[in-house]
Every structure is written in structure tokens, then in C-alpha cells.
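Inside the fold
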Amino acid sequence: MKKHVLWILLGVLLVGSLAGALALSGCQREAQNPAGNGSAPDFCVLDENGNEVRLSDFAGKPVVINFWATWCGYCVKEMPDFNKAAAENPDVVFLMVNATDGVHETKEKAMAYVREQGFDFDVYFDTASDASKAYGITGYPTTIFINADGDVVSKKVGMISYSALQAGIESIQGE
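Just so we're clear, the structure is a prediction, and the values are computed from it rather than from any experiment. (Residues numbered from 1 in each chain as written. Predicted model: local features only at pLDDT ≥ 70, side-chain atom pairs only at ≥ 80, totals over all residues. Heavy atoms only, no water.)

1. Concerning the nonpolar core
- With 25 residues, the main nonpolar core has Val64, Trp68, Phe82, Phe121, Leu165 and Ile169 as its most contacted residues.
- Beyond its immediate stretch of four places on either side in the chain, Ile169 contacts Val64, Ala85, Asn89, Val92, Phe94 and Phe145.
- By size, the runner-up hydrophobic cluster in this structure holds 19 residues, among which are Val45, Val53, Phe67 and Val93. (Core = buried A, V, L, I, M, F, W, Y, C linked by side-chain atoms within 4.5 Å. Buried < 20%, exposed > 50% of the residue type's maximum accessible area, 1.4 Å probe, protein only. Contact = heavy atoms within 4.5 Å.)

2. Describing the packing of aromatic side chains
- One pass over the full model with this rule turns up six aromatic pairs.
- For the pair Trp68 and Tyr113, a centre-to-centre distance of 6.2 Å together with 45 degrees between the ring planes defines the contact as tilted. In this pair, Trp68 is assigned in strand β3 (residues 63–68) and Tyr113 in helix α3 (residues 107–117), connecting sequence segments 45 residues apart. Across the pair, Tyr113 and Trp68 agree in class, each one buried.
- Residues Phe119 and Phe121 carry aromatic rings whose centres are separated by 5.2 Å and whose planes lie at 25 degrees to one another, so their mutual orientation is stacked. In this structure, Phe119 and Phe121 share a single accessibility class: buried.
- Put simply, the rings of Trp68, Tyr113, Phe119 and Phe121 pair up and form one aromatic cluster. (Phe/Tyr/Trp six-rings, centres within 6.5 Å; stacked < 30°, edge-to-face > 60°. Helix = DSSP H or I, 4+ residues; strand = E, 2+ residues; numbered from the N terminus.)

3. Comments concerning the confidence of the model for the protein chain
- Confidence in the prediction for the protein chain averages 84 pLDDT; 78% of positions are at 70 or higher.
- Of the regions scoring below 50 in pLDDT, residues 4–25 engages in one contact with residues more than four places distant in sequence or in other chains.
- When the criterion is pLDDT under 50, residues 29–37 qualifies, and its contacts beyond four places in sequence or with other chains add up to 17 contacts. (pLDDT = per-residue confidence, 0-100.)

4. With respect to the environment of Val64
- With respect to the element layout, Val64 can be found in strand β3.
- Considering only alpha carbons, one finds Val64 and Asn147, 83 residues apart in sequence, at a separation of 8.7 Å.
- With residues up to four places along the chain from it excluded, the contact list for Val64 reads Phe82, Val92, Val93, Phe94, Leu95, Thr143, Ile144, Phe145, Leu165, Ile169 and Ile172.

5. Considerations on the side chain of Thr100
- Along the chain, Thr100 falls in the loop between β4 (93–98) and α3.
- A residue is classified by how much of its surface remains accessible, and Thr100, at 7% relative accessible area, is buried.
- For Thr100, the side chain forms a polar contact with the side chain of Asn98, separated by 2.7 Å.
- Each residue touching Thr100, except ones within four places of it in the same chain, is listed here: Glu105, Thr106, Lys107, Phe125, Asp126 and Thr127. (Polar contact = N/O pair within 3.5 Å; in protein donor to acceptor, adjacent residues only side chain to side chain.)

6. Focus: the state of the cysteines
- The final tally for this structure, using the stated rule, is one disulfide.
- Covalent S-S linkage joins Cys72 and Cys75, the inter-sulfur distance amounting to 2.4 Å. Looking down the S-S bond of the Cys72 and Cys75 bridge, the torsion is 80 degrees, so its handedness is right-handed.
- What makes Cys75 buried here is its relative accessible area of 0%. (Disulfide = S-S within 2.5 Å.)

7. Looking at helix α5 (residues 162–172)
- Within α5, burial applies to Leu165, Gln166, Gly168, Ile169 and Ile172. Angularly, the buried residues of α5 cover 160 degrees about the axis, an arc narrow enough to put them on a single face. Away from its buried face by more than 90 degrees, α5 exposes Ser163 and Glu170.
- Where α5 is buried, its residues contact β3, α2 (73–88), β4, β6 (142–146) and β7 (152–157). (Arc of directions from axis to C-beta.)

8. A word on unusual backbone geometry
- Between Tyr140 and the following residue, Pro141, the backbone shows a cis peptide bond with an omega angle of -10 degrees.
- Residue position: Pro141 is located in the loop between α4 (130–134) and β6.
- Of note, Ser129 is a non-glycine position whose phi angle comes to about 60 degrees, a positive value.
- Using a relative accessible area of 31% as the deciding quantity, one classes Ser129 as partly exposed.

In C-alpha cells form, the structure reads like this:
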């Protein structure tokens, strides 16, 4: 009986240590808003090649952030609209942030879907949930519109229509 309890404790310690190591790997959060000129919290995700990419890398540009996953039916339905909008609005940065937890969603699964569909936008992987935590994401899809000044203009939880997507884009583009 005591051996069984020791094995359970050892397993709990091992899982806890692994979770801690995963949390420390990859992107490290610096400041919520290093530029200090807006309300959009900074975050770090990984690109397809494993390079760190931060929201602050796109300072001075309007940004659309879409949080999505392949297992999310509404996410999958709205992806063609995001691909079209990204092609029609080259002055806007589209950060298509995948909810990559390594279990329900993997980088490989997400990239296979994007390639299969022929989407042209870049995909970013939120492997440490840094972006999701920064924006309090509780449901997918969620879309955030940020103007060039770094201010969050609007947030839409749930599937967004093409017309609503375009209206959101117009709201963050300068005069």
C-alpha cells in the first residue's frame, strides 16, 4: 500500500515539474505594454519556424488578432473570410493565433488544416497560452481589433460575419 502511495506522489511531482518547465520554455512575458502608449497588452507567440513573435513587433500598425483552433467549428467556418480580408487589407496585420495546447490542438494539425485549405495568412502558436491569458480568452473564436496607436477598439467573442469583420477593420484603419 505504501509503495502505491509513493508512486502516486512521484507521479504528481513529475507532472508538476514538467508543467513548470513547459511554462518557462519559449516566450517570456516582459511588460504588458512596453510602449506604454495604449491599452493592448503585449504577448508572445511562436511562428511556424518556432521564432518568438510579439504583438509589440507590429507597433504603429492596425492589428486584427483572431484566436482559433481546428476543433472549433465556428473558427473553421470563419477562416475563409479572414483569408479574404487579409488579402484585401495588406496594411493591416492579421495575427491568426492558434490555441496550441499540444493535446487537443497541435502545431502540425493546425498547419495541415491551413495548408489543406490554401490559406495565405501566417499562423502563430500560443503554446504557453501567453496571448490567451493576456486577453482573457475564454471561448473560441475570439477576434480583437487594435488600432495603430495600440488601443483595443473592439473584441468579438464568437463567430464573426464577413461584414462585421470588415467593419472592425475599418474601425482600426487611420483616416
